[in-house]
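Observations on the model geometry
Residue strings, one per chain:
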Amino acid sequence: MRCIAFTLVGAVALATLAQPYVYPDAWSDLPAAEARYGGVLVTTTGGDPRTFNPLVSVESNIVVAHMKSPFFGVPTLAWRRPLDGTWEPYGAASLTFSDDGLRVDAELREGMRWSDGSPVTIQDYLISYELQTHPVAGTHALDAWFIDGEPIVVEATGERSLRLTFPVPDRIARDRLAALWPLPDAVFGETFRTGGAEAVLALWGIETDPAELLFAGNMHLARFVAGEQLVFERNPHWGEWNVDALGQPLPYLDGVRFRHAEPDAALNMFLAGAIDEYWPHSVDAVSSILAAVDQGDIDARVYESVFPIAGTTFLAFNLNKASDPFMETLFRDLRFRRAIAHMIDRHALAELAWQGAATPLVGSVTGAFGAWVAPDLAAPAFDPEAALAILSELGFDRRDGQGMLIDGAGRRIGFRIVTNGSAVPRVQAAGIIADTLREVGLDVTSAAVAFPQLVDQILVEGDDRPFDVVLLGLSGQSRDWPFLMGAVLCDGTFHLQNRSGACLDDVEASVEALAIEGRRTLDDAEALRIAHEIQRLELEALQVIQLVVPTVHFAHRERLAGLLPRELWNVDNGLYVPALTSMR
């Protein structure tokens, strides 16, 4: 790994050479001269978004992604180039770093407009920062904008210029540039100034008419039918500042339609030619597509095990159960958590729940992040006998009439594993784990709930939260520092095991301190050492039990063109740049 300090220290200026922004032919397997305008890409999504408000959303939300992600052409100040993974200005025309790396000056690109034709202004970036860092409105983004309690400051230095000032050196400084997306001040700023943060949080629910939503990326939401589909259409103003290698406006597509479908239904839709792309959820699904191609039933291409995703799938114990002190005491006991870990067969989960489209995971950093993965980590082996021995030590050494383990007071170990119902592999994994635990003698059930309901449960703060154990996944880690600060800080939004607002033990406190230190460390070798120590401590504590990392498969009809060259497919780039996708 090269030293990140080299890229941050010194008067480094990054600038695009010309307006508008040019998407080169190197980012597509179809040259601009051969691309065709028109057509609608039809794909699938697992369910309805919980909200259209980018400040409120914490889940994978395709509407909010079109408001926040440079992948969909949203003009964040910077983004990673698909060609080589380096950072370059995007919504900014230029970025200049100070000698000490503590200050970044950005000059906004001219000509950017919202989907209604109004200009994207410096106020749109300033209100985005103000609300992302607000203690009420910015709850879900708050952690990343602070370093050891000190804020990263964003301020205007001119009519089209911004300055970001960091309290200390920051490994993920570039990520903050990619996290500063414009938010329409005419809507959110005006609401905030007249009604406060609570009024802002009430904006843009799913009942909002799509015509009222504003998008600065390459598409805008044109139609939403709950339980059926979301239809996006080309932002007519985006091509004024985004062009292909020939100077032609982008995107090529007229729109994208996301149809609601669970994995098996999506497979049938793809085999019937009703959708243009499909992400197979299992090796069996890949085989079904290959068989259909061989028989001439569908004109398509399929790619198996393209790359592992950058996110994790895990069990998190709720350590805040004041209303059930018996189970809270058990959840907080490392011996109990180790016993549960001994009853989880990761290989079986990968094969049965993910049908081979996943690999067992030990630590909180996946193989997608290369050397950041701590070497020689070993999770507790699948060993039910060892688990029973530990439970016996805890006093659960007898059984009741139904064969359930009980202690001397006749109390069973009973809890429920919850997960989101729209993620079929997670639902199956929760069921498999619950079945295994019941076979051993624990009164455990699993439940699949609607994602909005699940989010409401797990984000409750305080000493008494309304769930037992959650099976979930997190993504969004940075290649520069592979930990979500909201997940490792004791008061972080995504610190799902403990939302009391304070560290509960020495391990939590040590992980938090190391995460802050690692983020402030620009020397790669030292940051790597710290990252490995964090993973070791997390594994020793087992407050979160890592399960598997899903693997990406991909299939598309031949009429879909403009994918990235095969050598550029990875977890950072994905498989195509949406602006360059077209239909043959």
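This write-up is about the structure you can find in this document.

Reading the values: the criteria
Residues numbered from 1 in each chain as written. Predicted model: local features only at pLDDT ≥ 70, side-chain atom pairs only at ≥ 80, totals over all residues. Heavy atoms only, no water. Helix = DSSP H or I, 4+ residues; strand = E, 2+ residues; numbered from the N terminus. Rg over C-alpha atoms; globule rule 2.2 N^0.38 Å. Buried < 20%, exposed > 50% of the residue type's maximum accessible area, 1.4 Å probe, protein only. Contact = heavy atoms within 4.5 Å. Areas by Shrake-Rupley, 256 points an atom, 1.4 Å probe, with all protein chains shown as cover. Core = buried A, V, L, I, M, F, W, Y, C linked by side-chain atoms within 4.5 Å. Phe/Tyr/Trp six-rings, centres within 6.5 Å; stacked < 30°, edge-to-face > 60°. Lys NZ or Arg CZ within 6 Å of the ring centre and 35° of its normal. Disulfide = S-S within 2.5 Å. Salt bridge = Lys/Arg side-chain N within 4 Å of Asp/Glu carboxyl O.

1. Structural notes on the overall build of the chain
- Scanning the chain from N- to C-terminus turns up 16 helices and 27 strands.
- Taking 584 residues into account, the globule formula puts the C-alpha radius of gyration at 25 Å, and the chain, at 24 Å, falls close to it.
- Reported as C-alpha extents along the three principal axes, the dimensions of the chain are approximately 75 × 60 × 45 Å.
- Expressed as a percentage of its 584 residues, the buried residues of the chain come to 57%.
- Long-range pairs, those at least 24 residues apart, make up 70% of the contacts in the chain between residues at least 6 apart in sequence.
- Within the structure as shown, the chain displays about 22300 Å² of accessible surface, and the carbon and sulfur contribution to it stands at 51%.

2. Here we look at the nonpolar core
- Core analysis: the largest hydrophobic core is formed by 89 residues, its most contacted members being Tyr23, Val63, Leu77, Leu131, Leu162, Leu221 and Phe232.
- The element that contributes the greatest number of residues to this core is helix H3 (residues 122-132), accounting for six residues.
- Core analysis: the second largest hydrophobic core is formed by 42 residues, Ala358, Leu391, Ala434 and Val548 among them.

3. Examining the packing of aromatic side chains
- Under the defined criterion, the tally for this structure stands at 28 aromatic pairs.
- Aromatic side chains Tyr21 and Tyr90 sit 4.9 Å apart centroid to centroid with 85° between the ring planes, which places their arrangement in the edge-to-face category. Of the two residues, Tyr21 is situated in strand S2 (residues 21-22) and Tyr90 in the loop between strand S5 (87-89) and strand S6 (92-97); the sequence distance between them amounts to 69 residues. Across this residue pair, the class does not change: Tyr21 and Tyr90 are buried.
- A network of ring pairs unites the aromatic residues Tyr21, Tyr23, Trp27, Trp79, Tyr90, Trp238 and Trp241 as a single cluster.
- Note that Arg176 overlies the ring of Trp145, its terminal NZ or CZ placed 4.9 Å from the centroid.

4. Topic: the state of the cysteines
- Here the structure, examined in full by the defined rule, presents one disulfide.
- Here Cys490 pairs with Cys503 through a disulfide, and the sulfurs are 2.1 Å apart. Where Cys490 bonds to Cys503 through sulfur, the torsion about that S-S bond is close to 95°, and the disulfide is right-handed. Here Cys503 lies in the loop between helix H14 (485-488) and helix H15 (506-520) and Cys490 lies in the loop between H14 and H15, a separation of 13 residues in the sequence.
- For Cys490, a relative accessible area of 2% translates into the label buried.

5. Some remarks on the pattern of salt bridges
- All told, the structure shown has 26 salt bridges when counted by the stated rule.
- Its salt-bridge partner being Arg332, residue Glu328 comes within 3.5 Å of it at the nearest N-O pair.
- Owing to a relative accessible area of 15%, Glu328 belongs among the buried residues under this scheme.
- Glu533 is the partner of Arg536 in a salt bridge, and the nearest nitrogen-oxygen pair spans 2.3 Å. You can see Arg536 and its partner Glu533 sitting in helix H16 (residues 524-541), three residues apart, about one turn around the helix.
- Classification of Arg536 as partly exposed rests on a relative accessible area of 33%.
- Three or more residues are tied together by salt bridges with common partners; here these are Arg103, Asp105 and Arg163.

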